[in-house]
Amino acid sequence: MARTFSTSWQNIQSTNWQTLKFKPPPPNSPIGWRVEFRSMEVQMTDFENAAFAVFIVLLSRAILAFNLNFYIPISKVDQNTIPILSVSSINSGR
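Residues numbered from 1 in each chain as written. Predicted model: local features only at pLDDT ≥ 70, side-chain atom pairs only at ≥ 80, totals over all residues. Heavy atoms only, no water.

For the protein, the name recorded in an unreviewed UniProt entry is Glutamate--cysteine ligase, with Suillus fuscotomentosus as its organism. Regarding the protein, the UniProt comment filed under Pathway (unreviewed entry) reads as follows: "Sulfur metabolism; glutathione biosynthesis; glutathione from L-cysteine and L-glutamate: step 1/2." The heading Sequence similarities (unreviewed entry) in the UniProt record of the protein holds the text "Belongs to the glutamate--cysteine ligase type 3 family." (UniProt positions renumbered as here; feature names shortened; annotations may be inferred.)

**Here's the deal with the UniProt feature "transmembrane region" (unreviewed entry) in the protein**
The UniProt entry lists residues 50-72 under the feature "transmembrane region" (unreviewed entry), expressed in the numbering used here. Overall, residues 50-72 shows 70% helix and 0% strand. The separation of its end C-alpha atoms is 31 Å. (Helix = DSSP H or I, 4+ residues; strand = E, 2+ residues; numbered from the N terminus.)

**What to know about a nonpolar patch on the surface**
Residues Val35, Phe37, Phe55 and Leu59 make up a contiguous nonpolar surface patch of roughly 360 Å² in combined accessible area. Of all the elements in the fold, those that place two or more residues in the nonpolar patch are β2 (34-37) and α2 (46-65). Topologically, phenylalanine 37 is positioned in strand β2. (Patch = residues over 30% accessible without salt bridge, like charges linked within 9 Å, V, L, I, M, F, W, Y side chains within 5 Å. Areas by Shrake-Rupley, 256 points an atom, 1.4 Å probe, with all protein chains shown as cover. Salt bridge = Lys/Arg side-chain N within 4 Å of Asp/Glu carboxyl O.)

**Overview of α2**
With 20 residues, α2 extends 29 Å from end C-alpha to end C-alpha; this agrees with the ideal 28 Å at 1.5 Å per step. The backbone nitrogen of phenylalanine 47 lies 3.3 Å from a side-chain oxygen of the residue at the head of α2, namely threonine 45. (Expected span 1.5 Å × (residues − 1). Polar contact = N/O pair within 3.5 Å; in protein donor to acceptor, adjacent residues only side chain to side chain.)

**Focus on unusual backbone geometry**
The backbone phi angle of asparagine 28 is positive, close to 55°, even though this residue is not glycine. Looking at the element boundaries, asparagine 28 is found in the loop between β1 (20-23) and β2. Despite not being glycine, asparagine 67 shows a phi value in the positive range, around 50°. Looking at the secondary structure, you find asparagine 67 in the loop between α2 and α3 (74-84).

Here it is, written out as structure tokens:
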């Protein structure tokens, strides 16, 4: 079985985020990337599970209503990566 980008992506991202799943667009499809929120692994009560679901709905509606942009320029990511790569950065960094 040939490995594709999609299967490799699913394997990598599923090990990092348990409650959030990024879904790449299907091949030759006009739809873009999708984000799937999954419920937490452990809930104490049904109320907490419902509260999480309602929070996600409200969060997604707020993002759409206010047209929020959560993109981070790669230059900012690189700028923040430099200090953390130094030895003992946790003790000497800001």
